[in-house]
Amino acid sequence: MDLGVRAQESSLSGLFGQGERLCMPPYQRSYSWGEREALDLLGDLAEATDSNIPHFIGAIVLVNGAESGMVEIVDGQQRLTTLTILLAVLRDLEPDTERAAALHAMIADDARPMLGEAANWRLTLNYMDGAFFRDTIQRLGATKTLRNEPGESDSQQRMVGNAGALLKELKQMSDERRRSLTDTVVTGCALVRVVVNDKDQGFKVFRVLNTRGKEPDAHDIIKTELFQKAKFSVKEANTYAERWAEHEAILGGGAFDDLLRQIRAIHDRSPKGDLVAGFQKAVLSKIDPRKFLDDMLPNYVAAYRQITTAKVTDSPNAALVADKLNQLRALEQQSWRAPALKFLVERGIDSPIAPQFFTGLERLGYVIQLVLHDKDQRNKRFNKVSDAVTNERTLLAKNGPFAISKDEARKVRERLLGRFATFGQRRAMALRLNAALDGGFTIPPESDATVEHVLPRNVHEDSHWMVTWPDPAKRREQCDTLGNFVLLTNKVNQKADRLDYRAKKEVYFNGGGGADFALTRDLMDQDAWTPEVVRKRTERLAEILAEEWNLLA
């Protein structure tokens, strides 16, 4: 019985030997190893060098490609890409031209123009990264100018970052030490070369190997499932793989996973457990894979980009929607993303109800973060919004999904008078207050604005603060309340830190940029900073937010 699998022991020099051409198949993920994995591999190879024992890098699974002489990598891309980066750095550090040429021969066969032959690269990455990898890593001498090539996508930045990390470590070695390590890489890297008969089997092997040990990104496995379910031809698979890689380049791997998580939340009433299994059940089992890839995914990618950056398309509603998205983005919880995503995909930013929708979603997002702590309950509230997106009457009804009960309103008002214990809570509230105050504006969460505690969180015993705030219980009780917060740039914040109040005001308003923030301008006419002042300011700011969210009735 032919099992359809052939295995053979090999070394890296055998796998990257003359005439060998390896490439990534359409269903493979982009390069995802970071500096930690790259340096771990280097450390393992250094240990093998010292012990004079071969280093086993595992199985490399291959299948014959559509192009004659080209072999596709089913499993092993991350290792082979990192080893190619290592070979390139070793090559470019090698002063001996013959040794450098021998190393380059494991990366490429040089072009022979007289014979009409182009360079033959041992390893060819996907459509998005292949040309970048050749120019930045594989080309002779390329790793000497890494700073000139920062990379555009996450995968390209990882390539450059890993090359830089390896270069830094290898530069510290003597020529003799580096050459010993090079010998280990070339002849002491043991592997098993596994060749499978066909692409279907390649898909199956990829799934088996990539759901053991270190998990790939969820979107990589979901892509594999989509491609297999769609029964693509090789040409179709290549086309769709290019589109998928473009989506990944736009969002980044982690964000792509989150997008799929939000799509699942839109279609799944109880999105618990593993993302891949849940996505297969809630989405892939109900939607044609080609329809998902052609019609749905591009729209979701565009909408996700808008909700995570607040860079919305031109529209009469753009300014208000961008403000509300930036206010939502400051929150610690992100369950609001699913209904926001669905609204932009189903209705779009030009919808006449977009201002009402995003205003209601922002209010609900803050109310839920302030008083609803159970994750499942939070998700249920946002699920109700998602369910109503296509039904305007239900969505905007007085008792609809945006409705806040009297009890919830009361709890929010009480919560606004209390302490905000975490950095994320404090910053979200301070940024939101800055937008609510007269003359204020919405500050994107990625800005340099930081929360400054007027009364420092840690007071020295010989500090002037001990005179105006002698009671440690009052300091503890009021330090992390709204009334004690102002906004400053990070640099000015560090400068103000533990100064007394009058000295802080000098820092805030004499060249410190404090007047740029409405929440900080609030202090310009305040001469002293006492427990009573902070209490009254907390009450006033809490009332401003409650009125902003229509919670006073």
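Residues numbered from 1 in each chain as written. Predicted model: local features only at pLDDT ≥ 70, side-chain atom pairs only at ≥ 80, totals over all residues. Heavy atoms only, no water.

(A) Expanded view of the overall build of the protein. Helix and strand content of the protein: 26 helices and 10 strands. With the principal axes as the frame, the protein shows a C-alpha extent of 85 × 60 × 40 Å. Counting the 553 residues in the protein, one finds 55% classified as buried. Considering only intrachain contacts with a sequence separation of at least 6, the fraction spanning at least 24 residues in the protein is 71%. Taken as a whole, the protein presents about 26,000 Å² of accessible surface, with 49% of it coming from carbon and sulfur. (Helix = DSSP H or I, 4+ residues; strand = E, 2+ residues; numbered from the N terminus. Buried < 20%, exposed > 50% of the residue type's maximum accessible area, 1.4 Å probe, protein only. Contact = heavy atoms within 4.5 Å. Areas by Shrake-Rupley, 256 points an atom, 1.4 Å probe, with all protein chains shown as cover.)

(B) View of the packing of helix H2 (residues 35-51) against helix H7 (residues 175-187). Two numbers describe how H2 lies on H7: the axes approach to 9 Å, and their chain directions differ by 100°. As judged from the angle between their axes, H2 and H7 are roughly perpendicular. Across the interface between the two elements, Leu 42, Leu 45, Ala 46, Ala 48, Thr 49 and Asp 50 of H2 pack against Arg 177, Ser 180, Leu 181, Thr 184 and Val 185 of H7. When the residues that make up the contact of H2 with H7 are grouped by side-chain class, the tally is six nonpolar, three polar and two charged. (Axes fitted to C-alpha atoms, helices over the stretch in contact; angles between N-to-C directions. Parallel < 35°, antiparallel > 145°, perpendicular 65-115°, else oblique. Nonpolar A, V, L, I, M, F, W, Y, C, P; charged D, E, K, R; others polar.)

(C) Main features of the nonpolar core. Counting residues in each nonpolar core, the largest one holds 94 residues, and the members touching the most others are Leu 259, Phe 292, Phe 358, Leu 361 and Leu 416. Take this core: its biggest share by element is 10 residues, from helix H16 (residues 354-371). Ignoring sequence-local partners within four residues, the contact set of Leu 259 consists of Leu 251, Leu 297, Tyr 300, Val 301, Tyr 304 and Leu 341. Counting residues in hydrophobic clusters, the runner-up holds 47 residues, among them Leu 42, Ile 60, Ile 107 and Leu 181. (Core = buried A, V, L, I, M, F, W, Y, C linked by side-chain atoms within 4.5 Å.)

(D) Quick peek at helix H9 (residues 218-230). Taking 1.5 Å of rise per residue, 13 residues should cover 18 Å, and H9 covers 18 Å from first to last C-alpha, within 8% of that figure. Most of H9 sits out of view: 11 of its 13 residues are buried. Remark: Lys 231 follows H9 within two positions and exhibits a positive phi of approximately 55°. (Expected span 1.5 Å × (residues − 1).)

(E) Representation of the packing of H16 against helix H19 (residues 406-416) in the model. Packing of H16 against H19 brings their axes to within 9 Å, and their N-to-C directions diverge by 70°. By the angle class used here, H16 and H19 are roughly perpendicular. Crossing of H16 against H19: the hand is left-handed. Judged by residue contacts, Val 367, Leu 370 and Val 371 of H16 engage Lys 411, Val 412, Arg 415 and Leu 416 from H19. Residues belonging to the contact of H16 with H19 are distributed by class as follows: five nonpolar, no polar and two charged. (Left-handed = near helix turned anticlockwise from the far one by under 90°.)

(F) Spatial organisation of helix H26 (residues 531-548). With 18 residues, H26 extends 26 Å from end C-alpha to end C-alpha; this agrees with the ideal 26 Å at 1.5 Å per step. Taken together, the buried positions of H26 are Pro 531, Val 533, Val 534, Arg 537, Thr 538, Leu 541, Ala 542, Leu 545 and Ala 546. Where the residues of H26 are buried, they touch H19, helix H20 (423-436), helix H21 (465-468), helix H22 (472-478), strand E10 (485-489) and helix H25 (518-521). A positive phi of about 60° marks Asn 550, the residue just after H26.

(G) The packing of aromatic side chains, seen in detail. Summed over the entire model, instances satisfying the criterion amount to 11 aromatic pairs. Considering the side-chain rings of Phe 357 and Phe 358, the 5.0 Å spacing of their centres and the 85° angle between planes classify their relative orientation as edge-to-face. Residue classification places Phe 357 among the buried residues on the basis of a relative accessible area of 0%. Phe 358 sits in the buried class, given a relative accessible area of 0%. Grouped by ring-pair contacts, the aromatic residues Phe 343, Phe 357, Phe 358 and Phe 402 constitute a single cluster. Positioned over the ring face of Tyr 240 is Arg 243, at 4.8 Å from the centre of the ring. The side chain of Arg 415 reaches across the aromatic face of Phe 420, ending 4.2 Å from its centre. (Phe/Tyr/Trp six-rings, centres within 6.5 Å; stacked < 30°, edge-to-face > 60°. Lys NZ or Arg CZ within 6 Å of the ring centre and 35° of its normal.)

(H) Geometry of the pairing of E10. Burial of E10 is extensive: four of the five residues sit out of reach of the surface. Pairing geometry for strand E9 (residues 449-453) and E10, over five bridges, is antiparallel. Within the sheet, the bridge partner assigned to His 453 lies in E10 and is Phe 485. (Pairing = 2+ DSSP bridges.)

(I) Molecular detail of the sheet that holds strand E3 (residues 55-64). An order of E1-E8-E3-E4-E2-E7 is seen for the six strands of this open sheet, with the pairing classed as mixed. Only two strands of the sheet have a single neighbouring strand rather than two, namely strand E1 (5-11) and strand E7 (123-124). Two elements, E1 and strand E8 (residues 189-196), share seven bridges in a ladder whose sense is antiparallel. Among the inter-strand pairings, Arg 6 is bridged to a residue of E8, identified as Val 195. Across the sheet, helix H3 (residues 77-93) is in contact with strand E2 (22-23), E3, strand E4 (71-75), E7 and E8; its angle to E3 comes to roughly 115°.

All quantities given are derived from atomic positions and should not be read as evidence of function.
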